[in-house]
Amino acid sequence: MAAVRVFVFVLMMGSASAWADSVTLAGLTFSDELGGFRLLSASGSGTPEDPFVVVEEVTAPEQTVLTIRGSLEAWPGRLAHNRIGSDHPFGYALRKVVINRTDSVWTGYDVELQQPLGQASTQDDGLSFGEGSAFQRYAHADLFRVARVVQKPLDSIAFSVGDVPPGGRIALDFVVTDIQERPAIFVAQRRPWMVSGR
C-alpha cells in the first residue's frame, strides 16, 4: 500500500507543534503529534528485510514520543497481523532514523514502550520488543555498540557505547510485538541523562 501523508491540526501545550505530521503504512499511522521532533518520512512494509523506516528530526532536549495508531493489515497465508514470523499475534520490524538537531552530543539513546501514554508497558501486558522470541536479539544501532533490552519492570532498550554529535544521525533497529490489538501505542525516546524514575 502506498504511503499516505496527512496533516492533522492539534492543539497542544508546551513544545508540541500546532501542525502534526503523520504517515500511514499498511494500516499503521506514525505521528509526531506529541511534539519535540518532526516526522520527515516513513516507508517500508514491517518485515525484517523491509522494516518500517521512520525518519525523525529531534529538536527537544527532553523526552519525545512517537505515536503509532491502528493495526497492521492482514497478509493472506501468514500470521494475520505479524510481519516478522514470531508467535505473537501482532508484530513488525521498525527502524528509527533519528537526526540530532539539538546542541548536545548523545552518548546513548533509550526507547521505551508505553500504553497508555505515560504508563510503562509491564512484563505481563503482552506489549514488548519481541519478548520470548529470537527477534528480541534483533535490537541494534549503527553508531552504538551495545543494545540492552530490559523486560521488567518496563519494556525498554538502552543503546550505548558510542555518540551522535549535533547534526548527526543514528539508525535504531528493533521489533514491536503484542498479544492484542490496541488503538495506539507510544514509543518514548530519551537521551541517557533522562533515566525514568521508576
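Residues numbered from 1 in each chain as written. Predicted model: local features only at pLDDT ≥ 70, side-chain atom pairs only at ≥ 80, totals over all residues. Heavy atoms only, no water.

Draft legend 1. Inspection of the pattern of salt bridges at higher detail. Enumeration according to the criterion identifies seven salt bridges in this entry. Taking the shortest distance from any N to any O, the salt bridge between Arg-38 and Glu-57 comes out at 3.0 Å. Placement of Arg-38 in strand S4 (residues 37–43) and of Glu-57 in strand S5 (residues 52–58) is noted, with a sequence separation of 19 residues between them. For Arg-38, a relative accessible area of 46% corresponds to the partly exposed category. Under the relative-accessibility criterion, Glu-57 is labelled buried at 13%. For Arg-182, the salt bridge is made with Asp-178, and the minimal N-O distance between the two is 2.4 Å. With a relative accessible area of 6%, Asp-178 lands in the buried category. (Salt bridge = Lys/Arg side-chain N within 4 Å of Asp/Glu carboxyl O. Helix = DSSP H or I, 4+ residues; strand = E, 2+ residues; numbered from the N terminus. Buried < 20%, exposed > 50% of the residue type's maximum accessible area, 1.4 Å probe, protein only.)

Draft legend 2. Just the side chain of Thr-102, in detail. You can see Thr-102 is positioned in the loop between strand S8 (90–100) and strand S9 (106–114). Its relative accessible area of 11% is what places Thr-102 among the buried residues. Within the local environment of Thr-102, its side chain forms a polar contact with the backbone nitrogen of Ser-104, the two atoms lying 3.3 Å apart. Polar contacts involving the side chain of Thr-102 include one to the side chain of Trp-106, which spans 3.4 Å. Setting aside residues up to four positions removed in sequence, Thr-102 forms contacts with Val-58, Thr-59, Ala-60 and Pro-166. (Polar contact = N/O pair within 3.5 Å; in protein donor to acceptor, adjacent residues only side chain to side chain. Contact = heavy atoms within 4.5 Å.)

Honestly, it's all geometry; don't read function into it.
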